[in-house]
Amino acid sequence: MSRVLLIEDDPSVREGVEIGLRRRGHEVRAAATGESGLVALAEFRPDLLLLDLMLPGMNGVQVCRQVREHSQLPIIMLTARGDDFDVVIGLEAGADDYIVKPARPEVIEARIRAVLRRLDDSPGRPAIEVYGELTIDRVGLTVTKAGRRLALAPSELKLLLYLSAAPEQVFSRQQLLEHVWEHSFSADARLVDACVARLRGKIEGEVGSPRYVQTLRGFGYRFGPL
């Protein structure tokens, strides 16, 4: 099982989530503040960060941004209902997924598994594919642009691998949610849009005129390249 760092300021929520994860075999380290969480991150070296959005002092968005400056560690944000605006900011900061509190232990476990799971749904495709300056290694799970390796968060890599497995095919947001994030709740479409925006910022020359990940208004997204 995975090593999970939980940063949550509410003692009852923190204890409940920690117990639920331990019962499912995870090794867990918990912290009550963003500052102490960053210290624990360096010491514990987790496989995944479970991060509360609303923290005292350094909030979850700030923690997420700081982690993303030097790491592509999978990040799932915990949020209370009604925090829609902050959720979008958190996703734009680099979170891979989010969970609305209170959440059942099996829901948290499913989201963790989905984020950590390797994407391998394109058997028979070449191990390495080249699209202009973009090179995708499906075995090594790496992406380079003009010879420079790109640091892609897990959700960004999964999205790119899924779209590029079927060039020119249009996928709706709902389809992407189900296959990349393994969700079925249509309101989570913002996960897709935020991830597309982050991915474009890394692989496209001009974000305003995307060559690889293209939008078809009213339908969804497809992989070019043009």
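Here is a short report on the structure shown in this document.

What counts, and where the lines are drawn
- Residues numbered from 1 in each chain as written.
- Predicted model: local features only at pLDDT ≥ 70, side-chain atom pairs only at ≥ 80, totals over all residues.
- Heavy atoms only, no water.
- Helix = DSSP H or I, 4+ residues; strand = E, 2+ residues; numbered from the N terminus.
- Buried < 20%, exposed > 50% of the residue type's maximum accessible area, 1.4 Å probe, protein only.
- Polar contact = N/O pair within 3.5 Å; in protein donor to acceptor, adjacent residues only side chain to side chain.
- Contact = heavy atoms within 4.5 Å.
- Core = buried A, V, L, I, M, F, W, Y, C linked by side-chain atoms within 4.5 Å.

**What about the side chain of Asp 52?**
And then number 1: Following the sequence through the fold, Asp 52 ends up in strand 3 (residues 48-52).
And then number 2: Given a relative accessible area of 2%, Asp 52 falls into the buried group.
And then number 3: Polar side-chain contacts of Asp 52 include one of 3.0 Å to the side chain of Lys 101.
And then number 4: If we skip the residues at most four places from it in the chain, Asp 52 touches Ile 7, Glu 8, Asp 9, Gly 60, Leu 78 and Lys 101.

**Concerning the nonpolar core**
And then number 1: Ranked by internal contacts, the top residues of the largest apolar core, which has 53 residues, are Leu 51 and Leu 176.
And then number 2: For this core, the element with the highest residue contribution is helix 8 (residues 189-203), accounting for seven residues.
And then number 3: If we skip the residues at most four places from it in the chain, Leu 51 touches Ile 7, Gly 60, Val 63, Cys 64, Ile 75, Ile 76, Met 77 and Leu 78.
And then number 4: Core analysis: the next-biggest nonpolar cluster, separate from the first, contains 13 residues, Val 4, Leu 6, Val 28 and Leu 48 among them.

**Some words on unusual backbone geometry**
And then number 1: The peptide bond linking Lys 101 to Pro 102 adopts the cis configuration, its omega dihedral lying at -5°.
And then number 2: As for its position among the elements, Pro 102 is in the loop between strand 5 (97-101) and helix 5 (105-116).
And then number 3: Of note in this structure, Arg 45 is not a glycine but carries a positive phi near 50°.
And then number 4: Looking at the secondary structure, you find Arg 45 in the loop between helix 2 (34-44) and strand 3.
And then number 5: Phi is positive for Glu 168, which is not a glycine, with a value near 75°.
And then number 6: Mapped onto the fold, Glu 168 is located in the loop between helix 6 (154-164) and helix 7 (173-181).
And then number 7: Glu 168 sits in the partly exposed class, given a relative accessible area of 43%.

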